[in-house]
Amino acid sequence: MTHIKRVVLLMIIMNIVLLSGCSSFFVENNTVEEIAPVIFWSIQEGESGKLKISTLVPPLINEKKSMLTLQVNLLKQGRKDFNLVYYRELKSGQLRMLFISEELAKKGILPLIDTLLTDPDISQRLYLVVIKGNFEDYIRNQVDKQENLDYFLYRMLKHYETKNQGDITVINLHQFLKRLYSPFSDPILPVFKVNKENFIYHGTAFFKDDKLVATISDMNDQILQLLNNDYYLKLLPIPSLAVSLGQIRSKVIIKLASDYSSISIKVNLVGRIEEYRGDKNIVDSDELEDLNQEIKSYLEKQTTALLRNMQQWKVDPLQVGTHSLTPFSQPIKDEEWLRKWGDMELQINYQLDLQTMTNVNK
Amino acid sequence: MFWKKRKSGSDRKQNDPNKEVENTTLTLDTLKNIVVNMDDAEIIERQINPDHKVTLLYIRTLINQERLNDEIIEPLIHHSPAPIHECINVCKASKVNDLDEAQRQLMEGAILLSDRSEDQWLAIKLENPLSRSIESSETETILFGPKDSFSEQIEQNVTLIRRRLPLTTLKTEKFTVGSLTRTPIVLMYIEGLTNPELITIAKSKILTIDYDLFLDSSQVAAFMEDHVHSIFPQFQQTDRPDSCVYALGAGKLTILVGNTPFALIAPITFFDLFISPDDYIHRWLIGSFLRGVRFVSFFLSLTMIPLYVAINTHHYQMFPLQVLFVLLESRSKLPFTPFWEAFLMLIIIEIIIEASLRMPTKTGQTLGVIGGIVIGQASVEAGFASKVLIVTVGISTIASFLVPNYLMVKANRLLLFAFMLLSSILGIFGMALGFIIVLVHLNGLTSLKQPYFAPIAPLHMSDWNDLFIRVPLQWIKRRPVSLYPLQKWRSSRRR
């Protein structure tokens, strides 16, 4: 009798679990050889307010690839219509990259992002990238030359994301949304410049809510990596001073004045001078000190200019506003913070601790 | 009309060989009647002197004929007036009074000797010592440590244990099971150490055994098990005397069965099946590592193929792109679904394993080569299986053999099929469900009425020092608490 009771109990538990929707009795056919799990979507502005959505098929298999492009009103419409033009069902469960054109990003991407967020198939580890130029042309041109192009783009982003390699900005859907919906924080995204032949990292795009407002590149982008994103740069070449710094790690201390009139940003940099082609004899301590001073003032000037721009654009990607929060006082309102942030006086101070290469001698 | 008519009780009684010559008095004629049509039965009658006639009755194939000549025939020829039992040179002669006893002794290798002058029958044990020598174990091989293993001779097996445990408290209680085979069983335990409740349970279980043939200890175990339908072995079978001694020392029972080299150890837990004598021979860190590898490989052998089936059938979105890339590439042109692909490969593997057990050793190599080519290369080239599955099946199969207990290996293989079916229907959720069912089952199992999943459930933390890792021997101060031994401490100072 006890055995029968146990079996009945087990059956009841199983039925409860199965009926609750955990089971896959009635879910889609996901047999891997019958589906095409696409790994990127590229979204551009289409004609008459439509979206132009593209992807590469077959994904992840070494077969001849082709580009599918559709003009649709809705993102999900694109997802559905892709299946009608391709013999394998396109699944979005392995969607890893979303390339958004700069023009579209400037108009706002919230509807797109929300659609992706609420789709249970799509992981929040979806890399978001802003594209300057025509991404379709690049793919069409490269697809014959380079097998698994889409997969290698994913591997590139994943490589730089893991352990913050300190070269480029990599942001996924979760990070973007966290910055978007957090107070005192504005999202950023990496920007890549494409033409028919090249896919080049350009810099970082600043967003005001869901709209792209500005893009920074080159030295400004590198300083952003040090101040906020990675706190690490493998290499920082400063051509105007004929010096390359390497293995730089930064510690940023931000202090706000109690009346929000000024902000002091102290950056402690530890690294080494890896290349020097200037006139100074950096083995000599006095001349090395001079060089250090030059680097310091250069970085301070650049950082001040960058922050001035941020103030002008009314964006706060460094999340400086979070420093206004204190345990026992009411937080300042977002709009009020941005107004104060725009008028804030900047005090930037770099402390350098740079090692020299011993074989640099004149 | 579709059923055969049940035979009446009297018919069945006639078929019972034991009841055939019931209530018959012990005389030479009745004995002759018994051995009729037995070619190897010999009756020797000898007139020693005019008023003294001796009759010998024995089964030629069961006795030692050299000893018969030296110890019985010779002294009888040079017979002195002394009584027969005083002149023969054997130490063990017993009087036989009834026919049943005479039959039993005759078939156990005794010589029945009738002394007409005193009108009595004597049974003299002269068994044929036909046995193989002590060899090393083939089923549980170890690199270092004692090499001897049990043989089919139960007395010899008892000797191997007694030599390692020279204790008067090591008790050996003998039983006989099997109405046809009359297989001897020896229940061994250390008095004053083993929990008496276990001894009582084991004895009562042995006494209730009622069957005709017992050719191996596993059949005895089948009658003593608490849960007949479980796929998990509830008795540990071993042919290593050192394993038996370790078990006895821990407070367990050992059951030796005649005519088989495999002894039974009980009560056991699920985790005992993962313990090898190697663990106590190596340094503790290495021993622990090896034990860990065994647990991991058991888990891997159980999950790798179901996971392959689950990913390929249901969960393409849950896995890293790198893994999916490899899977898609290898499965892109296969005709079978992942389940049937894995099922076919596993069946082929099982066929090869079974064949390698049955085939002579010299053809084993051929089998290995053919198996390797069929499994490894041909099936991939023919497009029946993917490369990933071949690797998975290979690792899973090898991993399943890391468990020292062969019965557990087979249980593992069967579980694998069940898990595979579940994963093909319900994906990883099905595997999780399978694990829950197995865990529930393991928690309900008992071995000699003792919990099978101890020391995890019920929890005995002090036994964990010899569970997943084996701590230094000096730290294993207590005998397993889950066995409730009468002497808790291994150290003599704390006893």
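Refer to the structure presented above.
Residues numbered from 1 in each chain as written. Chains lettered and ligands numbered in written order. Predicted model: local features only at pLDDT ≥ 70, side-chain atom pairs only at ≥ 80, totals over all residues. Heavy atoms only, no water.

Visitor: Help me understand the sheet that holds strand β3 (residues 51–57) of chain A in this model?
Guide: All names here are of chain A. Spatially, 8 strands are ordered β4-β3-β2-β6-β7-β8-β9-β10 in an open sheet, and the strand pairing comes out mixed. Each edge of the sheet is formed by a strand with only one pairing partner; in this case those strands are β4 (66–72) and β10 (211–217). Sheet twist, expressed as the mean angle between neighbouring strand axes with direction ignored, is 30°. Summarising the sheet, strand β2 (residues 40–45) and β3 pair through 4 bridges and their orientation is antiparallel. Within the sheet, the bridge partner assigned to E45 lies in β3 and is L51. (Pairing = 2+ DSSP bridges. Helix = DSSP H or I, 4+ residues; strand = E, 2+ residues; numbered from the N terminus. Axes fitted to C-alpha atoms, helices over the stretch in contact; angles between N-to-C directions.)

Visitor: I tried to follow a negative patch on the surface on my own but got confused; where do I start?
Guide: All names here are of chain A. Residues D284, D286, E289 and D290 make up a contiguous surface patch of negative charge. Secondary-structure assignment places D286 in helix α9 (residues 285–313). Take D286: its relative accessible area is 56%, and that puts it in the exposed class. (Patch = residues over 30% accessible without salt bridge, like charges linked within 9 Å, V, L, I, M, F, W, Y side chains within 5 Å. Areas by Shrake-Rupley, 256 points an atom, 1.4 Å probe, with all protein chains shown as cover. Salt bridge = Lys/Arg side-chain N within 4 Å of Asp/Glu carboxyl O. Lys, Arg positive; Asp, Glu negative; His and termini not counted. Charge placed at Lys NZ, Arg CZ, Asp CG, Glu CD. Buried < 20%, exposed > 50% of the residue type's maximum accessible area, 1.4 Å probe, protein only.)

Visitor: I keep staring at the packing of aromatic side chains and nothing clicks. Help me out?
Guide: Residues and elements named next belong to chain A. For the structure shown, the criterion picks out 44 aromatic pairs over all chains. Aromatic pair Y86 and Y87: ring centres 4.7 Å apart, planes at 35°, arrangement tilted. Considering the side-chain rings of F184 and W337, the 6.3 Å spacing of their centres and the 85° angle between planes classify their relative orientation as edge-to-face. Of the two residues, F184 sits in the loop between α7 (173–181) and β8 (188–194) while W337 sits in helix α10 (residues 334–343), which places them 153 residues apart along the sequence. Given the relative accessible area of 3%, F184 is considered buried. (Phe/Tyr/Trp six-rings, centres within 6.5 Å; stacked < 30°, edge-to-face > 60°.)

Visitor: Teacher, can you tell me more about the interface of chain B and chain A here?
Guide: Counting residues at the interface gives 26 residues for chain B, matched by 30 residues for chain A. Across the interface of chain B and chain A, roughly 2600 Å² is buried in total on both sides, 65% from carbon and sulfur atoms. Linking chain B with chain A are 1 salt bridge. Between R331(B) and E33(A) there is a salt bridge; the shortest N-O distance is 2.4 Å. Counting the contacts that link chain B with chain A gives 7 residue pairs in polar contact (both at pLDDT 80 or more). Where the side of chain B that touches chain A is concerned, the elements lending two or more residues are α11 (284–313), α12 (321–331), α16 (406–426) and α17 (428–444) of chain B. (Contact = heavy atoms within 4.5 Å. Buried area = accessible area lost by both parts, 1.4 Å probe. Polar contact = N/O pair within 3.5 Å; in protein donor to acceptor, adjacent residues only side chain to side chain.)

Visitor: Just checking my understanding: could you explain α7(A) for this structure?
Guide: Each α-helix turn comprises 3.6 residues. Residues three or four places apart therefore point the same way. Residue and element names in this part refer to chain A. All of the buried residues along α7 are L173, F176, L177, R179 and L180. Projected onto a plane normal to the axis of α7, the buried residues spread over an arc of 165° and lie on a single side. Where α7 is buried, its residues meet α4 (110–118), β7 (127–132), β8, β9 (199–208) and α8 (218–229). Where α7 begins, one side-chain oxygen reaches toward the backbone nitrogen of H174, 3.2 Å away; that side chain belongs to N172. (Arc of directions from axis to C-beta.)

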